[in-house]
Structures are given as structure tokens and as C-alpha cells.
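# Per-entry structural report
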Amino acid sequence: MRTRTTLVVLSLALAACNSDPSSGKKTEGPKVKEAIPDNMVVNDFFPEKGGKARPIVDASIGEGGIGGIAAATGDAGVGGADDGDDNAVVERKITMLEAGAEPRSPKRYAFKTQSEARKVTMAVKSLREGQGQKQEDAQPLTTVNMLFTLKGQNAGAFQYDALIKNVDLDLPANADKRQVAQAKQALEALKGIKAQISVTARGSIGEAKFESDKLPRGAAEQIMPLFSQVFEFIVAPLPEEAIGVGAKWQEITDGADRGIRSKVTAIYTLKEWNAEGGVIDAEVKRSAPRQTVQDPRMPGASIRLEGKGTYHFEVKTNGLVQRASGENNTVLNIEAPGPSGKLEPALTETTSVKHSVEMPASGAPAAPGH
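Nothing here was measured: the structure is a model prediction, and the numbers come from that model. (Residues numbered from 1 in each chain as written. Predicted model: local features only at pLDDT ≥ 70, side-chain atom pairs only at ≥ 80, totals over all residues. Heavy atoms only, no water.)

## Topic: the overall build of the protein chain
We apply this condition: Here a strand is any run of E in DSSP of at least two residues, a helix any run of H or I of at least four, and the numbering for each starts at the N terminus. Classification of residues uses two cut-offs on accessible area relative to the type maximum, computed with a 1.4 Å probe and protein chains only: under 20% is buried, over 50% is exposed, and between them is partly exposed. Residue exposure ignores everything except the shown protein chains as possible cover, and the areas themselves are Shrake-Rupley values with a 1.4 Å probe.
Helix and strand counts for the protein chain come out as 3 helices and 15 strands. Residues counted as buried form 49% of the 370 residues belonging to the protein chain. Entry remark: accessible area of the protein chain is about 16,700 Å², with carbon and sulfur atoms responsible for 49%.

## Here's the deal with the packing of aromatic side chains
So the rule is basically this: Ring geometry is summarised as follows: Phe, Tyr and Trp rings, the Trp one being its six-membered ring, pair when their centres sit within 6.5 Å, and such pairs are stacked at plane angles under 30 degrees, edge-to-face over 60 and tilted between the two.
With the rule as written, the count across this model stands at 5 aromatic pairs. On the numbers, 5.0 Å between centres and 90 degrees between planes, the contact of Phe 111 with Phe 158 is edge-to-face. Here Phe 111 is found in the loop between strand 2 (105-106) and strand 3 (115-130), whereas its partner Phe 158 is found in strand 6 (residues 157-169), with 47 residues between them in sequence. Comparing Phe 111 with Phe 158 shows no difference in burial state: the two are buried. With centroids separated by 6.1 Å and ring planes inclined at 10 degrees, the aromatic side chains of Trp 249 and Tyr 268 adopt a geometry described as stacked. One end of the pair, Trp 249, is in strand 10 (residues 248-257); the other, Tyr 268, is in strand 11 (residues 260-273), with 19 residues separating them in the sequence. Each member of the pair, Trp 249 as well as Tyr 268, is classed as buried. One aromatic cluster is present, formed by Tyr 109, Phe 111, Phe 158 and Tyr 160 through successive ring pairs.

## A few points about the side chain of Gln 322
Here is the rule we go by: Polar contact criterion, stated in full: a pair of N or O atoms within 3.5 Å, where within protein one must be able to donate a hydrogen and the other to accept it, and residues adjacent in sequence count only if both atoms are side-chain atoms.
Along the chain, the position of Gln 322 falls in strand 14 (residues 319-337). At 3.2 Å, the side chain of Gln 322 forms a polar contact with the backbone oxygen of Leu 320.

## Quick look at the confidence of the model for the protein chain
Our working definition: How sure the predictor is of each residue is captured by pLDDT, a score from 0 to 100. Any pair of residues with heavy atoms lying within 4.5 Å of one another is described as a contacting pair.
Averaged over all residues, the pLDDT of the protein chain is 76; the fraction at 70 or higher stands at 69%. The low-confidence segment residues 1-36 (pLDDT under 50) makes 147 contacts with residues lying over four places distant or belonging to another chain.

## Side note on helix 2 (residues 177-188)
Here is the rule we go by: To estimate how far a helix should reach, multiply one less than its number of residues by 1.5 Å. Here the arc refers to the directions that run from the helix axis out to each C-beta atom.
With 12 residues, helix 2 should cover 16 Å at 1.5 Å per step; its first-to-last C-alpha distance of 16 Å lies within 8% of that length. Those residues of helix 2 that sit buried are Gln 179, Val 180, Ala 183, Ala 186 and Leu 187. Down the axis of helix 2, the smallest arc covering the buried residues is 125 degrees, so these residues share one side. Exposed residues lying more than 90 degrees from the buried face of helix 2 are Lys 177, Arg 178, Lys 184, Gln 185 and Glu 188. Capping of helix 2 at its N-terminal end is provided by Asp 176; its side-chain oxygen lies 2.9 Å from the backbone amide nitrogen of Arg 178.

## Here's the deal with the environment of Gly 100
As for its position among the elements, Gly 100 is in the loop between strand 1 (95-98) and strand 2. Through-space distance from the C-alpha of Gly 100 to that of Thr 269 is 9.1 Å; in sequence the pair is 169 residues apart. Leave out the neighbours within four places in its chain, and Gly 100 touches Gly 244, Val 245, Gly 246 and Ala 247.

## A word on the environment of Thr 200
If you trace the backbone, Thr 200 turns up in the loop between strand 7 (194-199) and strand 8 (209-210). Here Thr 200 falls in the buried class, since its relative accessible area comes to 4%. The spatial distance from the C-alpha of Thr 200 to the C-alpha of Val 235 is 9.9 Å, given a sequence separation of 35 residues. Residues within four places of Thr 200 in sequence aside, it is in contact with Val 89, Glu 91, Tyr 109, Phe 111, Ala 157 and Phe 158. Here the side chain of Thr 200 touches Glu 91 through a polar contact of 3.1 Å, side chain to side chain.

## So, the pairing of strand 3
Keep this limit in mind: Any two strands with at least two DSSP bridges between them are considered paired.
Where strand 3 lies against strand 5 (residues 142-154), 8 bridges are found, and the strand directions are antiparallel. In the sheet register, Arg 118 faces strand 5, and the bridge partner there is Met 146. Bridging between strand 3 and strand 15 (residues 343-358) involves 11 bridges; their strand directions are antiparallel. Counted as the bridge partner of Val 120 is Val 357 from strand 15. Hairpin connection from strand 3 to strand 4 (residues 133-138): 2 residues lie between these consecutive antiparallel strands, with Gln 131 at a positive phi of about 55 degrees.

## Quick notes on unusual backbone geometry
Going from Glu 102 to Pro 103, the amide bond is cis rather than trans, its omega being -5 degrees. Here Pro 103 shows up in the loop between strand 1 and strand 2. With phi around 55 degrees, Gln 131 is a residue other than glycine that occupies positive phi space. Mapped onto the fold, Gln 131 is located in the loop between strand 3 and strand 4. Residue Gln 131 is classed as partly exposed on the basis of its relative accessible area of 23%. Positioned with a positive phi, Ala 155 is a non-glycine residue whose angle comes to about 55 degrees.

Now the structure itself:
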């Protein structure tokens with residue numbers, strides 16, 4: 001799966017609702033040749049979907065199940081590139097590690113539930129340290145309520161309409177009233193936006209298609225990451241082979257976001273399974289070796305990244321995931337030329353991102369086929 005930790009909703013809502021007016025203040029500290037730009041923050045845990053530059057979360061959990069957002073790189077969208085058929089979905093490349101215990105059988109989804117509501121929450125915390133300064137930031141809890149409607153099958157995949165019912169931010173009580181009003185206006189623009197997606201019986205998701213005439217002006221690049229975040233958690237990927245409890249399968253994807261190349265490895269384990277579904281856990285690791293920062297504001301700087309996450313899926317074969325939850329932590333290190341011209345530590349950013357998917361409190365599971 002793939003996943004981007006930077007919440008698009010917050011950018012739409014003018015994340016400036018931070019009540020600390022000094023949050024962007026520069027401090028006097030050891031000087032380097034170029035100061036780290038305040039807005040240069042890399043907190044995407046997963047690469048883009050599709051294998052080229054996949055978000056699991058960022059579908060990735062490692063899009064890799066918890067894997068990526070293509071809008072940042074110009075690669076494929078929420079799903080892999082198609083093969084000429086607008087409705088075709090390319091299955092994710094999964095490698096079997098262990099087949100698990102007997103009895104074994106191919107595990108597949110057979111979606112039948114016609115309408116399913118899901119509440120998705122995202123929480124981000126970060127700590128930036130560098131140049132004699134430490135700054136902590138907790139972005140407002142974001143909640144996205146969505147309705148998924150099964151429309152049928154086409155080209156071997158199940159077709160869904162995904163509708164944003166509403167988006168909410170848990171803003172602090174002391175937030176600036178003007179900024180709160182701006183945030184609410186931005187979030188209101190997301191209400192009612194719909195995308196069509198295709199999902200295969202093995203949990204691969206195709207590229208989302210939007211009704212472009214109904215998107216808010218200039219919102220296309222903002223909306224895609226939001227949908228990608230959600231799509232990465234509505235199903236868990238399944239291997240082609242027959243498996244039993246204890247089975248493990250792996251997905252490795254190469255990512256590239258804003259010039260940072262990384263590898264995401266997601267390993268899934270089948271913990272439980274019965275006639276109705278089961279439990280799948282995932283462990284994800286992301287690694288980006290030291291490389292040159294592709295930012296003209298930081299000539300000569302280098303960057304490296306390490307991250308890991310764990311995710312839990314409670315799946316049903318006749319519908320979308322009933323519950324999912326997980327957390328990933330990413331450590332980003334940037335070095336920049338100091339006064340002597342040698343690379344010196346300039347910035348360390350540690351980001352924690354939590355996701356959850358569940359049925360709304362008022363929504364009981366619909367009966368299969370209804």
C-alpha cells in the first residue's frame with residue numbers, strides 16, 4: 001500500500017490554524033550556507049501507487065499497502081497504469097514468502113454490499129530539530145466521512161462510486177476565528193465530491209476518475225491525495241497463490257516524491273481467516289539512501305530517510321474493510337554545507353502518522369447483498 005503523510009486537507013484548510021504565531025520564527029543558531037526552507041518538509045511514508053513511484057498510505061501501506069500519491073510526481077494516480085483499457089486494473093506485484101498452514105486456498109473478495117459508509121481519521125505529529133532549535137507540531141485531527149456504492153463489475157473489476165460526505169478538522173478552541181472560517185469554507189468545498197474506482201478480487205485499486213466539472217476550482221491536485229489516503233485502507237491486498245493462516249506475502253515498490261527516491265517493503269501476514277473474512281497485519285519499512293536534495297534553495301545539501309509502520313486490517317470478503325488502523329514513523333535527516341563547505345547536520349524531522357478506518361457509530365453493517 002502507499003500513503004502520504006502530509007494531509008492534503010490541511011493545505012486546503014490553510015493549515016495556518018496553528019495558534020502559535022511563532023511557529024515559523026527563525027532562531028539564532030549555528031549558521032549554515034543556506035537555511036533550511038521552513039516549508040521544506042518531507043513526511044510522505046509511502047511511494048506512489050503503480051510500482052513506478054507509488055501511498056499503501058501515500059495503497060499503500062506500503063501503498064505497499066500503505067503506499068503513495070502520484071500527484072507529486074506526475075506518475076499514475078491511485079492505481080497502476082492501465083494496459084489500454086480505461087477500466088483495466090493492473091494487479092499489484094506480490095511475492096509469496098510463506099504459504100501458511102493447511103488448509104490453504106486462494107483468498108479473494110466477492111464484493112456484494114451495495115452501500116458502505118466509512119469514517120477515516122488521520123493524525124500527524126512532527127518534531128523538527130536543527131540549528132539549535134526544536135519545534136513540535138501536531139496537525140489537527142482530520143476526519144473524512146465517505147460513502148462507497150457498488151455499481152457493478154466491468155473489465156474483471158468491481159466498480160465503486162466513492163463520495164465525500166464531509167471532512168472535519170478538530171481545530172483548537174483558541175484558533176483564530178478568521179482562519180477557522182477559511183478552513184470551514186475550504187472543507188465545505190470538498191463535500192459532495194465523487195470519484196469512480198475499480199477494485200479487483202485481490203484488492204488492487206485502479207486509478208480514480210473524477211467528475212471534473214464538479215471539482216472545486218484548482219482542486220484536482222489537492223483532492224487526489226485525499227482520496228488516495230482513503231483508498232489505501234479500504235481493502236488489503238491478497239496474493240495469487242493459495243494460502244492459509246500464517247501466510248506471509250511481500251510487496252516492494254520504488255518511490256520518488258519531490259525528488260527523493262526510496263524503497264518501500266511491505267510484508268503482510270494472514271492472522272485469521274474464515275468463510276466471512278479475516279485479519280491481516282502488515283509491517284512496512286521505507287528507506288531512502290543518502291542523496292542530493294532536489295531543491296534549488298538547498299544547493300549542495302543531502303538527505304536520507306528511514307521509516308517503519310505497522311497496520312491492522314479486519315476484512316470481509318463481501319465488502320470493504322470493516323476496520324483498519326495503523327501508525328508509521330519516519331525520520332528524515334538533512335545535511336547542508338557549513339561555513340567550511342563541509343556537510344553538517346542541518347535538520348532532523350521525525351514524523352508520526354496515525355490512520356484509522358471504521359464504520360460510523362450510527363451505521364451498522366449492511367446485510368450481504370443489500
